[in-house]
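# Residue-level structural notes
Each chain, written out:
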Amino acid sequence: MPLYGWFGRAVEIDVENRKFEYYEVDEDVLLKYLGGRGYGAYYLYHNMRRGIDPFDPENIIVLASGPLTNTPVPTSGRFSASTKSPLTGGLIDSNCGGHFAPFFKGSRIDFAIIKGVAETPTYLLIDEAKVEFRDASQLWGKDVHETYVALKNKHGRCGVSCIGPAGENLVRFASVIVDGHRAHGRGGLGAVFGSKKIKAVVAIGNTRPAVKDQHKTLIIVKDMLKLIDANPITGKALSLLGTLSTFNIMYRYGVLSTRNFKDPLVEGFEELSAEKYHKLYFHRKFACHNCPVGCGRVSKIDGRIMMGPEFESQFAIGFNLGIYDYRDIVEIHNLCNQLGLDTISMGVTLSCAIELSQEGLIKESLRWGDPQLVKRLIYETSQRAGFGELLAEGSLKLAKSVGHGEYAMQVKGMELPAYDPRASQGMGLAYATSNRGACHLRAYLIGVEILGIPKRVDRTLSAFKAGLCVIQQNLYAAVDSLILCRFIGYATHEEHYSRVLEAVTGRSFSSEDIMEIGERIYNVERLFNVREGIDGRYDTLPKRMLEEPISGGPSQGYITKLYDMLQEYYELRGWDSNGVPRREKIEELKI
Amino acid sequence: MVFQGGRKLKSSKYEEIWREISRIGKKLYDKGYMVSHAGNISIRAGNKIFIKRRGVSAGDIGPDDVVEVPLYGDDSNILIASSETYVHREIYKATSALAIIHAHPPFSVIYSLTHDELVPYDVEAEYFLHKVPIISVERATGSKALEDALKKTLRNYKACIVRGHGTFAISHILEEAFHITCMVEHAAFVNYFVDLSGLKSKRLIKELKEW
């Protein structure tokens, strides 16, 4: 049967020799890994040698769409990029919305494999028949907005994915930005772009993939849209208040901390509430390609139109640093985006630095609640100038440089997102066992523990959490490979994903097949990491989360009981006690 | 392993697990979905299954009434575990379920005797379930044929009805499996009375028959 959903075609791009070559992708691989994050993990595990430095020419970037990309399925405009992370040394994939994916897949390719290092700054122009290596010397040094505008003006209707100065200067948590403001945020993908002297990728394809059963696809899409609309989170909260709606609930449950997770957030609710933002600064909302939700926000502050903020930025470069004024938060959020920096890692690296300073462990004099200082340090980080040279290495290397790694709020080198794992046992396990480091998107146990999706499970219990964590990690790995947005998972389920995938591709998939594909992907990621020496020893949390109880608020007294959950987690996974997949598991999953 | 029917034998999480099984069991019993001592409830934790023991009513589950059996292989606890333990085990092996409820809700049983599938007329069940398959096997309790039919069906549906026997609902959370069981029974109740009225439901989403 011919392929539907997929094109079954990828392009290998050698930027060093300015050559490209198309190849057919084995159908068996597509069925086992789908695309997106799954194909990235598969390709990097099987095609990269152990021990390659992330900035070495041999490091590989996999750009990937999924079988549902640019089909009528809601939120199918997402895109994935995978590489070896300069922040963690392990596998990183980063998923992004915006409008890039349809142009990329429209170039009649599912994947692009980028290898080597260009001699001079380059941007890649991908269309349906070729890849062009265009000179980017004039763009090198420009910020994201300038780059985006220049390329958009030049190529018209296209998707633009680019880096800012942070990526050029190899900041280990530099991001790649799509459409000038949507981010492949985490893990330093932007720095790997920079190391290869790739300023941007521009895609201009315009071909839609064939859909096997259009009628059935539309029936399932209709059902998905009905549920998305009826669900209070997707149909109301995210649409009306954006991701900031999360803040109010998390605050009330005592899930948020400030000052590098040292203190609970028990102040500033009025200033930080989603309602306050919408009353004073909301300009309009923003939706990614084919998204019925529209969680993105555009702000108007003192007459200036700016993108954002998002909840995670509100945390990391906002109240985490003692900054409570939305005007500052939005401005700093935009500064990070324009320089091409992950706001979470930037913010938590800065909070680490400020705490080290307050404890007298570094010579710089830094203080909480100083937006001007924060902006200066962010800029210096992007340039690797002055103290920014050290900040650009991330919190763990910063803290270790003064012999106090315990001040870095990170897992596997990646900084913690907003949810304090002491207040949500399952989230603690999710952070600790995440293959890419501290991440709220590998498994979102906040969903069951706080939001009650699908039902609420006591957040203080360690029972039940191992199973829920495994299930979510597997499911999300599959969703990141289809690729759909995580947010519609509040309203839709694996039964939708399997049925719509079946209708689009014409291949048979059950709900459990989706879970098994996700499990395979999660195991391949783990095997990649184990090969790099990142095994169960790194499935842990900062000492603060395990030993220092939250000192006040609704979660007072809580710590993460990680080791009550971890062995059950490994047992469920079929991994040994050091977090390594057993041979039987590898064979069962046909890896 | 020598049988010890109590908490002392169990893992540290046993207390939380038996209490949850007991809480849900009481609700199912009170709603009339667990007839006398019939029906069973289980939770998977790691490579263990925690399941209501045989001979105990779901409305009366105490600390000694939930037994731990291995997911792979048997131990002597199988002596007192629910008669459907093997069915639960096979479902766990074939799916990502972490909780299973097998109940005997009356309208679900009645409906299964006259229909081949349950496509809900009412909105709530339609949104939640889409469609509930009804499976028919010759030996509809504790048989290999039942195991095989359930394994296959529950890989694609969160609940099904075994004709003339009762419901099986799976989930990652026991509370959710309870919700699913309730919705199946609610849908069967509504459909049954609409059909009984002799009038045609003005609300049937035909597309769901393909679900």
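Residues numbered from 1 in each chain as written. Chains lettered and ligands numbered in written order. Predicted model: local features only at pLDDT ≥ 70, side-chain atom pairs only at ≥ 80, totals over all residues.

## Some details on the overall build of chain B
We count it as follows: The way it works is that DSSP assigns letters per residue, a run of H or I at least four long becomes a helix, a run of E at least two long becomes a strand, and they are numbered from the N terminus. We compute the radius of gyration from the C-alpha atoms alone; for a globule the expected value is 2.2 Å times N to the 0.38, where N is the number of residues.
Each helix and strand in chain B was counted, giving six helices and eight strands. Counting from the amino terminus, helix and strand elements in chain B follow one another as α-β-β-β-α-β-α-β-α-β-α-β-β-α. In terms of C-alpha radius of gyration, chain B reaches 17 Å, essentially the compact-globule figure of 17 Å for 211 residues. Overall, the C-alpha framework of chain B stretches about 60 × 30 × 25 Å when taken along its three principal axes.

## Here's the deal with unusual backbone geometry
Residue and element names in this part refer to chain A. Let me state the cut-off plainly: Burial is judged by counting other C-beta atoms within 10 Å of a residue's own C-beta: 20 or more means buried, 12 or fewer means exposed, and anything between counts as partly exposed, with every C-beta placed from the backbone.
Cis rather than trans, the peptide bond between G308 and P309 has omega equal to 10 degrees. The residue P309 is located in the loop between strand 17 (304-307) and helix 12 (311-316) in this model. P454 follows I453 through a cis peptide bond whose omega is 0 degrees. Mapped onto the fold, P454 is located in the loop between helix 19 (446-451) and helix 20 (465-482). In this structure, R259 takes a positive phi of about 50 degrees despite not being glycine. Along the chain, the position of R259 falls in the loop between strand 13 (257-258) and strand 14 (263-264). A tally of 18 C-beta atoms within 10 Å means that R259 is categorised as partly exposed.

## Description of the environment of T114 of chain B
Residue and element names in this part refer to chain B. With respect to the helices and strands, the residue T114 is situated in helix 3 (residues 106-114). What makes T114 exposed here is the crowd of 10 C-beta atoms within 10 Å. The spacing of T114 and D148 is 34 residues in sequence and 23 Å in space, taken between C-alpha atoms.

## Things to note about the environment of A408 of chain A
All names here are of chain A. Convention followed: Think of it this way: build a C-beta for each residue from its backbone, and any pair within 7 Å is a contact.
Relative to the helices and strands, A408 is located in the loop between helix 17 (395-401) and strand 18 (410-411). Residue classification places A408 among the buried positions, given that 26 C-beta atoms sit within 10 Å. Distance from A408 to S351, taken between C-alpha atoms, is 8.8 Å for residues 57 residues apart in sequence. Non-local contacts of A408, meaning those with residues more than four positions away in its chain, are made with C352, S395, L396, L398, A399 and P542.

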